[in-house]
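A look at the structure
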Amino acid sequence: MHAASTSGRSTAPSMRSLARLASKRHQWIVRHRTAAAATDLAAPAGPSAALDDGRSPLPDPASLQLGAPLRSQFPILEQTVNGRPLVYLDNAATSQKPRAVLRALSNCYEEYNSNVHRGVHALSARATQEYEDARAKVAALICASNSREVVITRNATEAINLVANTWGAQNLKPGDEIILSVAEHHANLVPWQLLAVRTGAVLRHVRLTPDRTQLDMDHFRSLLSPRTRLVSLVHVSNVLGCVLDAAYVAERARAVGARLLLDCCQSVPHSALDVGSLGADWIVASSHKFCGPSGVGFLWGKYEVLEQMGPWMGGGEMIQDVFLDHSTFAPPPARFEAGTPAIAEAIGMGAAAEWLQQLGMGRVHDYEQEIGTYLWERLTSLSPRITAYGPPPGDPRSGGRGRASLVAFNVEGLHATDVSTLLDHAGVAVRSGHHCAQPLHRELGVPASARASAYIYNTAAEVDAFVEALKETIQFFDDVHGA
Ligand SMILES: Cc1ncc(COP(=O)(O)O)c(C=O)c1O
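Since this is a predicted model, take the numbers as computed values, not measurements.

This next bit is on the overall build of the chain. Along its length, the chain carries 14 helices and 17 strands. In the chain, the proportion of contacts linking residues at least 24 apart, taken out of those at least 6 apart, comes to 72%.

As structure tokens, then:
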């Protein structure tokens, strides 16, 4: 347990108080385990709990209601954790996978597993077709006009590193400026730091508004200059939940001749994106956050930009011709996909993209606005000791762009990790820590936060269960500290 305040100060409990704490915690857990028997939150066991036979037709996603009715498509949700029905609210870290994706993965290995792009036999032809179809499904999800604009990568992190090590290394010189923000995930900070060391480029960071809820667009504007070569910003913050005015940023970046990369890890899973109207030169995302497998993600880039980018990793598949002393390279996207890719995972990512698109990204967005608002309101009205970060739902300063269905928060006097540990004992999975956004947490003046993040299968009853468990957690610590 972390006996620390939200400012990170350790209160170093004595051995006797630790023993008392352990005993009280044990009683608390026993009480919750007993209570679990009475709860009706778990999805009813029934046909939905049966293992997929791999043959029965799966329901048309367009016919499925979001929330509770969707849960039968996610077998992992039908379980108890610590004797309580699982309440999975860690979707900003990774999402669960629907049957359609699980089936795509098992079909690949059971029916046509083979290497892609390099065999003429039937299995290889089928694997190649499915792999390229997956690329097209991802392109369709983000409304890309051409699937050749989609490069399949290991994750969003690799996609950003790809741009840094190709376009960045080839185009930046000492004194050129890259605009990032203090709210970036480390994946959109560290690659540019490494590149700045290599090239002499200078990093500039957009700060937060004075109320520290979102990026300060006045400050962004003031950072732009003819020296700005690249703007790379998070589209939807994984901590603040705020949504960037991408069209405005794109217009201003274009006005100074800078390229724009958007980190869309937290927007691709949750809203209908159209890369044509976003105005970015590149976007990146990770499959595991949008119902697909881990180990795969994508970079989308305007084709004329990708064409100007030289290779990064060398090896099989990314070449046209290889001689002993030099090689010529394949056009994009193959140029950036050296070696055997994550074939089944890419196919699973395609299945996820298709399933979400059929479910309807408009419906996904609307559902998340509802449950996200409910989550925010229930959480923030629980106790005045709770600080929730980012703009409140409906904040006029968000310009009608809404906020993500996640809330990062702290409870005064408690460490986020202690909070999430006790929530886990009640079957509630939330994340705690710095969420790979250490500079942002420094800006917020806290070492860490807890974060509850909802997705399409979460329900209001689960939000209630989370808030109830949080109430008991706070009570538990109050009892301990008051003892
Ligand atoms: C906003 C944002 N950017 C980038 C990433 C990195 O994603 P990955 O680790 O899948 O590459 C994450 C993951 O949490 C994220 O939330």
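Taken together, Asn155, Ala156, Thr157, His185, Ala187, Val234, Asn238, Asp263, Cys265, Gln266, Ser286 and Cys436 make up the full set of residues adjacent to the ligand. Its residues assigned to classes, the shell around the ligand comprises 5 nonpolar, 6 polar and 1 charged.

Read across the sheet, 4 strands follow the order β13-β14-β17-β16 without closing on themselves; strand pairing throughout is antiparallel. This sheet does not close on itself; its edge strands, each paired only once, are β13 (386–388) and β16 (431–433). Taken pair by pair, the neighbouring strands of this sheet meet at an average axis angle of 30 degrees, ignoring direction. Sheet strands in contact with helix α11 (residues 361–380) are β13, β14 (406–411) and β17 (449–453), and its direction is about 150 degrees off that of β13.

Before going further, it helps to examine the sheet that holds strand β6 (residues 202–206). In sheet architecture, strand pairing relies on hydrogen bonds along the backbone and comes in two forms, parallel and antiparallel. Pairing is mixed across the open sheet formed by 7 strands, whose spatial order is β4-β10-β9-β8-β7-β5-β6. Looking at strand neighbours, the two that pair on one side only are β4 (150–153) and β6, the edges of this open sheet. The mean inter-strand angle of the sheet, taken between neighbouring strand axes irrespective of direction, is 20 degrees. For strand β7 (residues 228–234) and strand β8 (residues 259–263), the ladder comprises 5 bridges, and the chain directions are parallel. The partner of valine 234 across the bridge, within β8, is aspartate 263.

It is at 9 Å that the axes of helix α4 (residues 156–171) and helix α5 (residues 190–199) come closest, and there the two elements cross at 20 degrees. Between α4 and α5, the crossing angle belongs to the class labelled roughly parallel. In the crossing of α4 with α5, the sense of the turn from one axis to the other is right-handed. Residues Ile160, Asn161, Ala164, Gly168 and Ala169 of α4 touch α5, and the partners they reach there are Pro191, Trp192, Leu195, Arg198 and Thr199.

In this model, the chain carries an average pLDDT of 91, and 89% of its residues clear a pLDDT of 70 or more. Mean pLDDT in the chain bottoms out at helix α1 (residues 15–36), which sits at 39, and peaks at strand β10 (residues 297–301), which reaches 99.

With that settled, consider the nonpolar core. Grouped together as the largest cluster of nonpolar side chains are 136 residues, with contacts concentrated most on Ala280 and Ile283. Tallying contributions element by element places helix α10 (residues 343–359) first for this core, with 11 residues. Two domains each provide a minimum of three residues to this core, namely domain 1 (15–96 + 361–482) and domain 2 (113–357). Not counting the four nearest positions on each side in its chain, isoleucine 283 is found in contact with Leu262, Cys264, Val275, Leu278 and Trp300.

It is worth spelling out the packing of α11 against helix α14 (residues 460–482) at this point. It is the contact of α11 with α14, at a shortest axis distance of 10 Å, that shows an interaxial angle of 20 degrees. Relative to α14, the element α11 is oriented roughly parallel. Along this stretch, α11 crosses α14, giving a crossing that reads as right-handed. On the side of α11, the interface is formed by Ile371, Tyr374, Leu375, Arg378 and Leu379, while α14 contributes Ala460, Val463 and Val467. Here the residues of the contact of α11 with α14 sort into 7 nonpolar, no polar and 1 charged.

On to helix α2 (residues 99–112), then. For the α-helix, the turn length of 3.6 residues means that residues three or four positions removed from each other point alike. For α2, which comprises 14 residues, the first-to-last C-alpha distance of 19 Å matches the rise-based estimate of 20 Å (1.5 Å per residue) to within 8%. Looking at α2, one finds that the buried residues are Ala100, Val101, Ala104 and Cys108. Turning to α2, the residues buried within the fold contact α3 (122–141) and α10.

With that out of the way, let us pick up the environment of serine 106. Following the sequence through the fold, serine 106 ends up in helix α2. Serine 106 sits 242 residues away from glycine 348 along the chain, and the two C-alpha atoms are 9.3 Å apart.

Right, let's get into α5. Within α5, burial applies to Pro191, Trp192, Leu195 and Thr199. Burial along α5 is one-sided: seen end-on, the buried residues are contained in an arc of 90 degrees. Residues of α5 that are buried sit in contact with α4, β5 (177–181), β6 and β7. Glycine 200 occupies a position one or two residues after α5 and carries a positive phi of about 85 degrees.

Now for the pairing of strand β11 (residues 319–322). Side-chain direction in a regular strand flips from residue to residue, so the side chains alternate between the two faces of the sheet. Pairing of β11 with strand β12 (residues 327–329) involves 3 bridges; the strand directions are antiparallel. Bridging from a neighbouring strand, valine 322 pairs with serine 327 of β12. What sits between β11 and β12 in their antiparallel hairpin is a turn of 4 residues.

Cis geometry is found at the peptide bond from proline 332 to proline 333, where omega equals 5 degrees. Its location among the elements puts proline 333 in the loop between β12 and α10. Its identity is not glycine, yet arginine 212 carries a phi of approximately 60 degrees, on the positive side. Among the secondary structure elements, arginine 212 is positioned in the loop between β6 and α6 (217–223). Overall, arginine 212 belongs to the partly exposed group, with 17 C-beta atoms counted inside 10 Å. Even without being glycine, glutamate 317 reaches a positive phi, approximately 80 degrees.

On to the environment of leucine 273, then. Inspection of the secondary structure puts leucine 273 in the loop between β8 and α8 (275–278). Residues leucine 273 and cysteine 143, 130 residues apart in the sequence, show an inter-C-alpha distance of 6.9 Å. Residue contacts for leucine 273: discarding those within four places in its chain leaves Ile142, Cys143, Cys264, Ser267, Val268 and Leu278.

Cut-offs used in this document
- Residues numbered from 1 in each chain as written.
- Predicted model: local features only at pLDDT ≥ 70, side-chain atom pairs only at ≥ 80, totals over all residues.
- Helix = DSSP H or I, 4+ residues; strand = E, 2+ residues; numbered from the N terminus.
- Contact = placed C-beta atoms within 7 Å.
- Near = placed C-beta within 6 Å.
- Nonpolar A, V, L, I, M, F, W, Y, C, P; charged D, E, K, R; others polar.
- Pairing = 2+ DSSP bridges.
- Axes fitted to C-alpha atoms, helices over the stretch in contact; angles between N-to-C directions.
- Parallel < 35°, antiparallel > 145°, perpendicular 65-115°, else oblique.
- Left-handed = near helix turned anticlockwise from the far one by under 90°.
- pLDDT = per-residue confidence, 0-100.
- Core = buried A, V, L, I, M, F, W, Y, C linked by C-beta atoms within 7 Å.
- Buried ≥ 20, exposed ≤ 12 C-beta atoms within 10 Å, placed from the backbone.
- Domains from an automatic or database assignment.
- Expected span 1.5 Å × (residues − 1).
- Arc of directions from axis to C-beta.

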